[in-house]
Every structure is written in structure tokens, then in C-alpha cells.
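As a plain string of letters, each chain reads:
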Amino acid sequence: MKICFVWCLVVLFSVHLASAGRVELRGHARNAAEENLQCTVVSNNLASNPVRVVIPMKGGDFSYQFDITESTFLSFSDGTNYFGGFVEPGDSIVVNYDRLDFANSISFTGKGREKFAIVHSMMDFKRMARTIAAAAKGRRYPVDDMFAAIDSLREDIHQRIDLAAKSMSAESYNRLLGALAATERQAKQSGLVAVFGDSYSNIMANHREKLSDASIVQMKKLLEYDEAFYDSRFYVDAVKSLASMHLEDNIRPITNNFEERKYQLLVEMLPQKLRTPVLFMTLKWDITTAPGELNARVVQRAAELLPDSQLKRHILDLLTARNMLRAGDKAPEFSVQNLSGEKIDLASFRGKTVYLDFWFASCGPCHALFKSIAPVKKHFEHDERVVFLTVSVDNEMTWKRSISKFGVKGYHAFTENKLREHPIIQSYNVTVYPTTYIIDPAGRIHAIQAANNPDVLRKQIEEAIAATSSGHNR
């Protein structure tokens, strides 16, 4: 029985490693004006945050490798132009373009090129939809003309996705369809704003002379969401934005106690499979990004509507974190184990500036961050005043193997086989990965979620050193 159990664990671990993979992206930008290409890595995991990576360009040439475990979206900008696409393990994509003639020169070759080319078409879709809306504005029934043209664009791209289906995984295929559905919805909503400059309810009530019977049918369909794309982050995010906008513009004005009821009203708008992901993304946005005061009691009650216990815990952790650690606070004490099997704590690094990074082996954004800040680690490599402390939430075997496999640099510790239940995870409000802090030599928090940009991060670390040495620390 024991032998079978161990064998199963080995097989599972091997399958896990096999599911991870590397993606290579390289290319050349003629007439490049910047020294770097900015990349944003967007995992389909709703709990994760996008990670920004800086890719150096030398003479317009760029090359980078990403470690991912599933279909992942990459977005790139050179300061003027934008491109991107879905990638999956094993892809090797070559991108070439002229910065001064981007639209006519951009090309994608190599394994996985079809997904990039299709996403580029979706970007064109958005630009063309704006032109369509402007042209429809003077028509008798602008919704009919505008929506028909947008539907035609969608069908063209849908056919391209179907033709390329054999070149990609089912996961990438479904996520491309989800992204396309999201693009269509957003284009129609933006078109309505451009044509009428009014809310949905006011268009239906005050502009009936410009709405045919077919227009009204199409307008009502905008409030019907397709649960087939519940596993697409792009579609879920689009529904989150569009449904929240609809509630704010159309339901709030006619609803008593709207703030108390808005999350319940949101759930009631959605089909079953979309309720959990859209509510989760809405709560996450409201806690971490939305401006203004937050009613913690209402959020806690809304979190109870999430049937997934991990997502519920994530929201409650975010809510707790919102009201806890701040820059200038004393960093929480901790005790973890290093590679030598020794216990280390915060006092072990007293007098040093600590860059604290929580990660795990199969976390694509974690590896993207490691690569992004590699120049910073190199810069401070021989500076005894600075420590890059990585804390893994993997088990000991996975942790040690991954350090060697991925060449992770820094001072290494792990959560002693307690995984994400270790006290340090709660103390530092770790709800997404990677989570990073800069702790100054006096043991106070200098920065929470330190910069991903290497130049900015280097400056943050230097400020933490300088603030303490000059006596300005609080």
C-alpha cells in the first residue's frame, strides 16, 4: 500500500512538471525608439494579478523566455505600439515590425503564431468598431447598422479561430473564443455610448424613434451573458465591468439601499456558471482598486455568496489586508527554515534592507518577476546591506528542486511543509503570488508589492537604505 502511495505521488509530481513549459518570444523592431519592451503577463487564474516584465532591446532585437503552466496572455508595448496574444507551453514565436509603420509591417511566425495573429485581429476589431459607431450615428436606426457590422467582424474572426483550432490546445481555443465574445460585447457597449451618449435605460426610454423592433431585441440581448465562457478571464472581466456599469447607471437611480444590495443584484443578473467568477472579480476590484470608502460589512456578506471556499478566503484576506499593513509599519515577526535547515527570523536580517518575495514552483507570474528583477539582484549582488529573501510555499522537495531547476537567485527559505497555512502567510497578508515587500534595516515596511520595473525597484531599495542611514525612518 505504501509503495503504491509513493508511486502515485511520484507520478503526480512528474505529471505536474510535464505540464509546465517554456515559451520563447523573440523578434526585431525596426526604428525602435525605446531600449525596452514592456510586457504584461496575464494568467487565467482570477486570484492572480498581472505581472509586468521589462524585456531589453539591443539594436531593436529582443528575446525572452517565459515559464508557464497553462494558456497565458502576453501583452507588449514599445511605448508607441501594442501587440500580444495567448501562448501555451512549447510555443516559440517570432515578431517583426517597423515602429514607424506598425500596422503594415507587423508579422508573426513560429509555433503559436496563429494565436498572436488572431489577437492582433481583435485589436483591429476594436479600432474598426469605433469607425463603425461614428458612421452609424447619422443613420435612421443606428443600432441595427452598428450591431450588424460588429457581428460581421466577430464572425470573420470566429472563422479564423476555427480554422486554426488544430494548431492550439482546447484550452487556448476556448479562451480565444472568450476573448472574442468579450471584445464584441465591449464594442457594442462603447458604440451605444458613442451614438447616444446616454445610459441603457435612457436609450430605451428616450430614443425610441431611433430604435426599430430589431434594435430593441438586440439591446435586450446585451443583458444576456454567455456562461459558456465562465472559464475565460477576459470574458469574466468584461462581464464584471459591463454588468457593474449597468447597475450603476440604470439600477442605482431607482433602487433604495443600493449599496446594501448591489452584489446580490449583480448575482441575480447572471447565469449560474458566471455568478462565482464575476462576483469574485467584482469584489476583488472593489477592495483593491476602486476609489472611495468601502463598506466592509457589505463585502463580507457578499463573500458568503461565493460557494468556492478558497475564493471566499481570498476575498476576506484582501479585505483584512486593506486595513492592516502600511508602509512605515513595523514588519511582522516570522520564523521559517532556510536551505541549510536552520531557523531564520526577521531579527536575522536586522540592519539590512530585505526584499521579501513569496512564490511557488508552478507560479508563472512568480518566474516572470524573477526574470524581470534579475538586473536588480545582479546590481546588489555584492552589497551586504541588501538581502533578496525568497519564501516558497511549496513542500520541501518541490522547493529545493525548483530552486535548482529554475536557477532562482537569492537567500532561500520555505514554509516548513505547512504550505500556505504557515503563520508568515497570514502575517504578511499573502493572498496573491508573487507578493513582495521591502523591509528597511530598522525592520519597518518600506514598500508593499514592490515595483516590477527593475529601475524603479532599484530606486526603492536605495531609498530604503538611505532613509534609515539618514535617520528619516519613522
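Just so we're clear, the structure is a prediction, and the values are computed from it rather than from any experiment.

Rules used throughout
Residues numbered from 1 in each chain as written. Predicted model: local features only at pLDDT ≥ 70, side-chain atom pairs only at ≥ 80, totals over all residues. Heavy atoms only, no water. Phe/Tyr/Trp six-rings, centres within 6.5 Å; stacked < 30°, edge-to-face > 60°. Lys NZ or Arg CZ within 6 Å of the ring centre and 35° of its normal. Core = buried A, V, L, I, M, F, W, Y, C linked by side-chain atoms within 4.5 Å. Buried < 20%, exposed > 50% of the residue type's maximum accessible area, 1.4 Å probe, protein only. Helix = DSSP H or I, 4+ residues; strand = E, 2+ residues; numbered from the N terminus. Contact = heavy atoms within 4.5 Å. Axes fitted to C-alpha atoms, helices over the stretch in contact; angles between N-to-C directions. Parallel < 35°, antiparallel > 145°, perpendicular 65-115°, else oblique. Left-handed = near helix turned anticlockwise from the far one by under 90°. Nonpolar A, V, L, I, M, F, W, Y, C, P; charged D, E, K, R; others polar. Disulfide = S-S within 2.5 Å. Salt bridge = Lys/Arg side-chain N within 4 Å of Asp/Glu carboxyl O. Pairing = 2+ DSSP bridges. Arc of directions from axis to C-beta.

A. Looking closely at the packing of aromatic side chains. This structure, assessed with the given rule, holds 19 aromatic pairs. Both rings, one in tyrosine 428 and one in tyrosine 437, keep their centres 5.1 Å apart while their planes meet at 75°; by these two values the pair is edge-to-face. Taken together, the ring pairs connect Phe76, Phe83, Tyr97, Phe102, Phe108 and Phe116 into an aromatic cluster. Geometry around tyrosine 64 places lysine 371 over its ring, the cationic atom sitting 5.4 Å from the centre.

B. Seen up close, the nonpolar core. Counting residues in each nonpolar core, the largest one holds 72 residues, and the members touching the most others are Met146, Leu192 and Ile315. When residues in this core are grouped by element, the largest group, 10 residues, is from helix H5 (residues 170-196). The residues contacting leucine 192, other than those within four sequence positions of it, are Val143, Met146, Phe147, Gly197, Ile203, Met219 and Leu222. One finds Leu37, Ile68, Tyr355 and Ile461 within the second-largest nonpolar core, a separate group that totals 41 residues.

C. Representation of the packing of helix H4 (residues 142-163) against helix H7 (residues 213-221). Running from N to C, H4 and H7 cross one another at 55°; their axes reach a closest spacing of 9 Å. Compared by their axis directions, H4 and H7 come out oblique. Like other packed secondary-structure pairs, H4 and H7 cross with a definite hand, here left-handed. Across the interface between the two elements, Val143, Asp144, Phe147 and Asp151 of H4 pack against Ala214, Ser215, Gln218 and Met219 of H7. For the contact of H4 with H7, the per-class residue count stands at four nonpolar, two polar and two charged.

D. The state of the cysteines, seen in detail. This model, assessed by the stated rule, comprises one disulfide. Between the sulfur of cysteine 363 and that of cysteine 366 lies a disulfide, 2.3 Å long from S to S. Across the disulfide from cysteine 363 to cysteine 366, rotation about the S-S bond amounts to roughly 80°, and the bridge is consequently right-handed. When its relative accessible area of 1% is taken as the criterion, cysteine 366 is described as buried. Counting only cysteine sulfurs, cysteine 363 is the nearest neighbor of cysteine 39, a cysteine outside any disulfide, at a range of 15 Å.

E. Geometry of the pattern of salt bridges. This structure, assessed with the given rule, holds 31 salt bridges. Across the pair lysine 188 and aspartate 151 runs a salt bridge whose closest N-O atoms are separated by 2.8 Å. Residue lysine 188 is found in helix H5, and its partner aspartate 151 is found in helix H4; the two are separated by 37 residues along the sequence. In this structure aspartate 151 comes out as buried when scored by relative accessible area, which is 18%. Where arginine 252 meets glutamate 259, a salt bridge forms, and the shortest distance between an N and an O atom there is 2.4 Å.

F. Molecular detail of the sheet that holds strand E5 (residues 72-77). With antiparallel pairing, four strands are arranged side by side in an open sheet as E3-E2-E5-E6. Two strands bound the open sheet, and with one partner strand each, they are strand E3 (51-56) and strand E6 (82-87). For this sheet the average axis-to-axis angle between neighbouring strands, irrespective of direction, equals 25°. Note that strand E2 (residues 36-42) and E3 share six bridges and pair antiparallel. Within E3, the position partnered with glutamine 38 by the bridge is valine 54. Sheet strands touched by helix H13 (residues 364-372): E2 and E3. Its angle to E3, the strand with the most contacts, is close to 40°.

G. Broad picture of H7. Those residues of H7 lying buried are Ser215, Ile216 and Met219. Down the axis of H7, the buried set is contained in an arc of 100°. They therefore lie on one face. Lining the buried residues of H7 we find H4, H5 and helix H6 (200-206).

H. Fine view of unusual backbone geometry. Of note, the bond from tyrosine 433 into proline 434 is cis; its omega dihedral lies within 30 degrees of zero at -5°. By secondary structure assignment, the location of proline 434 is in the loop between helix H16 (423-427) and strand E14 (435-439). Positive phi, normally seen in glycine, also occurs at asparagine 257, with a value near 55°. Assignment of secondary structure puts asparagine 257 in the loop between helix H8 (233-251) and helix H9 (258-269). Even without glycine at this site, asparagine 417 takes up a positive phi of about 65°.

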